[in-house]
Amino acid sequence: MVRFARSLGCEDVEFSPEDAGRSEREYLYEILGEVIKAGATTLNIPDTVGITLPSEFGQLIADIKSNTPGIQNVIVSTHCQNDLGLSTANTLAGAHSGARQLEVTINGIGERAGNASLEEVVMAIKCRGDHVLGGLFTGLDTRHIVMTSKMVEEHTGMQTQPHKAIVGANAFAHESGIHQDGMLKHKGTYEIMCPEEIGLERSYDAGIVLGKLSGRHALRDRLNELGYELDDVQLSNLFWRFKAVAEQKKRVTDADLIALVSDEVFQPEAVWTLLDMQLRVQITCGTLGLSTSTIKLADSDGKEHVACSIGTGPIDAAYKAVNLIVKEPASLLEYSLTAVTVGIDAIATTRVLIRGDNNYSSTNALTGESVQRTFSGIGAGMDIVVSSVKAYVGALNKMLGFKEHSSTLSKTPLETNKVPA
């Protein structure tokens, strides 16, 4: 297969022996030598089940480099799973032993317990590369780490745990008195890296404080600093959302802005739009009876639709009212609600995952199997019911957009290219 790939004109072919960490060594060296002869240019050495310890994996890479014929002509790569929580340590051990390509994932997401985390590996090399790893460096611009992490979090719906290294919400939080005292005197006492290095600004060091008196120019400048380049229409829509939040909060934080951008700009094409959120979503709840909700949506043609429903709680009632309008049955698989910042006035971000009941499926390109599709949605707002409805409507819009796209692709050329007789 390596030889076949090279025959197709592929100049860089990677070969990866499954479960190399537990393979019989002499056989492993032999196989790797043969694929090098066949034209492989990268040898990826995986710890497929995450079973090795750093000392073992580092020695494995060193032994492969010492015993594989032709190894000097190829790049050795690592691919470490995190089943024992050692993927980052194993990856660094592999790099120390001579690996020069490290396969990682953002936020450490991956099968089972995940893969080696990009941000952990990169920052470990940046912090310790000169002193411990023989002068290794990556060349990555680490200032984009936080924004990249947030982007992956938004698109996958997989939230990062607060105590996650580097990008977790608590990664730069200091609670104990002696730590706080040390931080005030010299930040390097308890921080091995500056948050600015990974693109995270300290809230108390910010030069411009955004609030209800801030204008479009200040908002645009701060968004540009956060990595968002919005056109005039997007900025205008976001500005009014920003002003509404700023009227209720003394200060709008970067986390608030990121949530608003995700909610306002990075939404699927609207098939249905929630109208007049504060006025039209009316909730009654308590121990005396069922909750009731009135929802007003606009379709893609701008026509308005209103529905009222009851439910076991306000969100259940609101979702049932949406279903009465959209008339596209779906099952709610996952629902999560997170406060973006601390305080009772925090913006709430809601993520939902739905599955259409009318058999929305796609075909796996490799196996040919039919895969049941799921669709995620995200919403943000200071009202948790409003943010929940926006997330649900966003997921429905994705599902309906997929349905329309699939029906277009399923048409035959004769059907899509008909001309008058």
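See above for the structure.
Residues numbered from 1 in each chain as written. Predicted model: local features only at pLDDT ≥ 70, side-chain atom pairs only at ≥ 80, totals over all residues. Heavy atoms only, no water.

Attention now goes to the overall build of the chain. A tally of helices and strands in the chain yields 14 helices and 13 strands. Accessible surface, the chain as shown: approximately 23400 Å² in total, 55% of it carbon and sulfur. (Helix = DSSP H or I, 4+ residues; strand = E, 2+ residues; numbered from the N terminus. Areas by Shrake-Rupley, 256 points an atom, 1.4 Å probe, with all protein chains shown as cover.)

Our next topic: unusual backbone geometry. Unlike most non-glycine residues, Asp 19 shows phi in positive territory, near 55°. Position of Asp 19 relative to the elements: it lies in the loop between β1 (14-15) and α2 (25-38). Here Asp 19 falls in the buried class, since its relative accessible area comes to 17%. For Ile 166, which is not glycine, the phi torsion reads 75° and is therefore positive. With respect to the helices, strands and loops of the structure, Ile 166 is situated in the loop between α6 (145-156) and α7 (177-185). (Buried < 20%, exposed > 50% of the residue type's maximum accessible area, 1.4 Å probe, protein only.)

Right, let's get into the sheet that holds strand β13 (residues 375-381). Taken in spatial order, the 3 strands of this open sheet run β9-β10-β13, and their pairing is antiparallel. A single partner strand is all that each edge strand has here, and the edge strands are β9 (330-339) and β13. Averaged over all adjacent pairs, the angle separating strand axes in this sheet is 20°, with direction ignored. Pairing of strand β10 (residues 348-356) with β13, which is carried by 7 bridges, proceeds in the antiparallel orientation. By the bridge assignment for β13, Val 352 is matched with Gly 377. (Pairing = 2+ DSSP bridges. Axes fitted to C-alpha atoms, helices over the stretch in contact; angles between N-to-C directions.)

Now for the pattern of salt bridges. A complete count under the given rule lists 11 salt bridges for this structure. Asp 232 is the salt-bridge partner of Arg 220, the closest N and O atoms lying 3.0 Å from each other. Within this pair, whereas Arg 220 is found in helix α8 (residues 216-225), its partner Asp 232 is found in helix α9 (residues 232-246), the two being separated by 12 residues in sequence. For Arg 220, a relative accessible area of 27% corresponds to the partly exposed category. A relative accessible area of 58% means that Asp 232 is categorised as exposed. Bridged by salt links that share partners, the residues Asp 83, Glu 111 and Arg 112 form one connected network. (Salt bridge = Lys/Arg side-chain N within 4 Å of Asp/Glu carboxyl O.)

Remark: α8 packs on helix α10 (residues 254-264), axes separated minimally by 11 Å, with the N-to-C direction vectors making an angle of 90°. Classified by the interaxial angle, the pair formed by α8 and α10 is roughly perpendicular. Facing α8, whose interface residues are Leu 219, Arg 222 and Leu 223, α10 presents Asp 254, Leu 257 and Val 261. For the contact of α8 with α10, the class distribution of residues is 4 nonpolar, no polar and 2 charged. (Parallel < 35°, antiparallel > 145°, perpendicular 65-115°, else oblique. Contact = heavy atoms within 4.5 Å. Nonpolar A, V, L, I, M, F, W, Y, C, P; charged D, E, K, R; others polar.)

Turning to α10, a few remarks are in order. For α10, a buried count of 9 out of 11 residues is recorded, marking the element as mostly surrounded by other parts of the structure. All of the buried residues along α10 are Asp 254, Asp 256, Leu 257, Ile 258, Ala 259, Leu 260, Val 261, Ser 262 and Asp 263.

A few words now on the pairing of strand β2 (residues 42-47). Summarising burial for β2: 6 of the 6 residues are buried, a large majority. Burial along β2 is two-sided: the residues Thr 42, Asn 44 and Pro 46 and Leu 43, Ile 45 and Asp 47 are all buried. Where β1 and β2 come together, 2 bridges link them in parallel fashion. Note on β2: the bridge partner recorded for Phe 15 is Leu 43. In terms of strand pairing, β2 meets strand β3 (residues 75-80) through 6 bridges, oriented parallel. Paired with Thr 42 across the bridge in β3 is Ile 75.

Take the packing of aromatic side chains next. Applying the stated criterion across every chain, the model contains 3 aromatic pairs. Ring plane angle 40° and centroid distance 6.2 Å describe the contact between Phe 239 and Phe 242, whose orientation is recorded as tilted. In this pair, Phe 239 and Phe 242 both sit in helix α9, 3 residues apart, roughly one turn of the helix. Phe 242 shares its class with Phe 239; the two are buried. Consider the rings of Tyr 319 and Tyr 392, whose centres lie 4.1 Å apart with planes at 10°: the pair is stacked. With a gap of 73 residues between them, Tyr 319 in helix α12 (residues 314-326) and Tyr 392 in helix α13 (residues 384-409) connect regions that are remote in the sequence. A single burial state applies to Tyr 319 and to Tyr 392, both of which are buried. (Phe/Tyr/Trp six-rings, centres within 6.5 Å; stacked < 30°, edge-to-face > 60°.)

With respect to the element layout, Val 121 can be found in helix α5 (residues 118-128). The class for Val 121 is buried, based on a relative accessible area of 3%. Sequence separation of Val 121 and Thr 138 is 17 residues, and the distance between their C-alpha atoms is 9.6 Å. Once you skip the residues sitting within four places of it in the chain, Val 121 turns out to touch Thr 88, Thr 91, Leu 92, Leu 102, Val 104 and Ala 116.

So, on to the packing of α8 against α9. Direction vectors running N to C along α8 and α9 enclose 110°, while the axes themselves pass 11 Å from each other. Taken as axis vectors, α8 and α9 run roughly perpendicular relative to one another. Counted together, Arg 216, Leu 219, Arg 220 and Leu 223 of α8 and Asp 232, Leu 235, Ser 236, Leu 238, Phe 239, Trp 240 and Phe 242 of α9 form the full contact between these two elements. The class makeup of the residues in the contact of α8 with α9 is 7 nonpolar, 1 polar and 3 charged.

Right, let's get into a nonpolar patch on the surface. Among the surface-exposed residues, Val 49, Ile 51, Leu 53 and Leu 84 lie close enough to one another that they form a single nonpolar patch of about 320 Å² accessible area. Summarising the element assignment, Leu 53 is placed in the loop between β2 and α3 (54-67). Residue Leu 53 is classed as partly exposed on the basis of its relative accessible area of 42%. (Patch = residues over 30% accessible without salt bridge, like charges linked within 9 Å, V, L, I, M, F, W, Y side chains within 5 Å.)

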